[in-house]
Amino acid sequence: MRSVRLLLQKALVLLHVTASVVVGKTLMVLFPNAMKRHILKQGEKSRMNQNPKFSYENWGPTFFSFQYLLFVLKVKWKRLEDEAYEGRPAPNTPVVTSQGDVRHLFDFMRGNRPLILNFGSCT
């Protein structure tokens, strides 16, 4: 049952992301200056516009490309698989150690001992 539900969720994500990319690409072709302003305004939220080596001409055209579609699908599908449900086993999500290494949650399990996760802020 869970695999059928996951498959349906992935299909809906595929339809949503594909429609968004088609609409976005169409708007970029029809209204390139307006889309550039919109994308740059969205970039202000992440402060990527403040990096002088990060110009729109380098990354702007990649928005709504086929590679963009594949990347967004990969991320969104992975998030579906990482959902936790009450009473079900925890997902084996990737985590980053304090040394910067990427590991998986189950790598920290030791026998039958419970694994306690502590979420905190680094700021």
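Just above, that's the structure.
Cut-offs used in this document
Residues numbered from 1 in each chain as written. Predicted model: local features only at pLDDT ≥ 70, side-chain atom pairs only at ≥ 80, totals over all residues. Heavy atoms only, no water. Helix = DSSP H or I, 4+ residues; strand = E, 2+ residues; numbered from the N terminus. Expected span 1.5 Å × (residues − 1). Buried < 20%, exposed > 50% of the residue type's maximum accessible area, 1.4 Å probe, protein only. Arc of directions from axis to C-beta. Core = buried A, V, L, I, M, F, W, Y, C linked by side-chain atoms within 4.5 Å. Contact = heavy atoms within 4.5 Å. Salt bridge = Lys/Arg side-chain N within 4 Å of Asp/Glu carboxyl O.

Asker: Describe helix H4 (residues 66–81), naming the residues involved and giving the relevant values.
Answerer: Given a rise of 1.5 Å per residue, 16 residues ought to cover 22 Å, and the 23 Å separating the end C-alpha atoms of H4 matches this to within 8%. The complete set of buried residues in H4 reads Leu 69, Val 72, Leu 73 and Leu 80. Looking straight down H4, one finds its buried side chains confined to an arc of 105°; they lie on one side. For H4, the exposed residues set more than 90 degrees away from the buried face come down to Gln 67, Phe 71, Lys 74 and Arg 79.

Asker: How would you explain the nonpolar core if you had to name every residue and give the values?
Answerer: Note that soluble globular proteins tend to have their nonpolar side chains buried in a common cluster. Judged by nonpolar contacts, the single largest core of 14 residues is most densely connected at Val 17, Met 28, Ile 39 and Phe 64. Only helix H1 (2–30), helix H2 (32–46), helix H3 (56–59) and H4 provide two or more residues apiece to this core. Here this core gets five residues from one element, more than from any other, and that element is H1. The residues touching Val 17, leaving out its near neighbours within four places in the chain, are Leu 69, Val 72, Leu 73 and Lys 76.

Asker: Lay out the pattern of salt bridges with the relevant residues and their values.
Answerer: Under the defined criterion, the tally for this structure stands at two salt bridges. The salt bridge partner of Glu 57 is Lys 36, with a shortest N-O separation of 3.3 Å. Taken together, the residues span a long stretch of sequence, with Glu 57 in helix H3 and Lys 36 in helix H2 at a distance of 21 residues. The closest approach of N and O atoms between Asp 107 and Arg 103, which form a salt bridge, is 3.7 Å. Classification of Asp 107 by relative accessible area gives partly exposed; the value is 35%.

Asker: Mind laying out unusual backbone geometry, listing which residues take part and the relevant values?
Answerer: Although it is not a glycine, Phe 64 adopts a positive phi angle of roughly 65°. Tracing the chain through its elements places Phe 64 in the loop between H3 and H4. A relative accessible area of 15% means that Phe 64 is categorised as buried.

Honestly, that's just the spatial picture; any functional story needs more than this.
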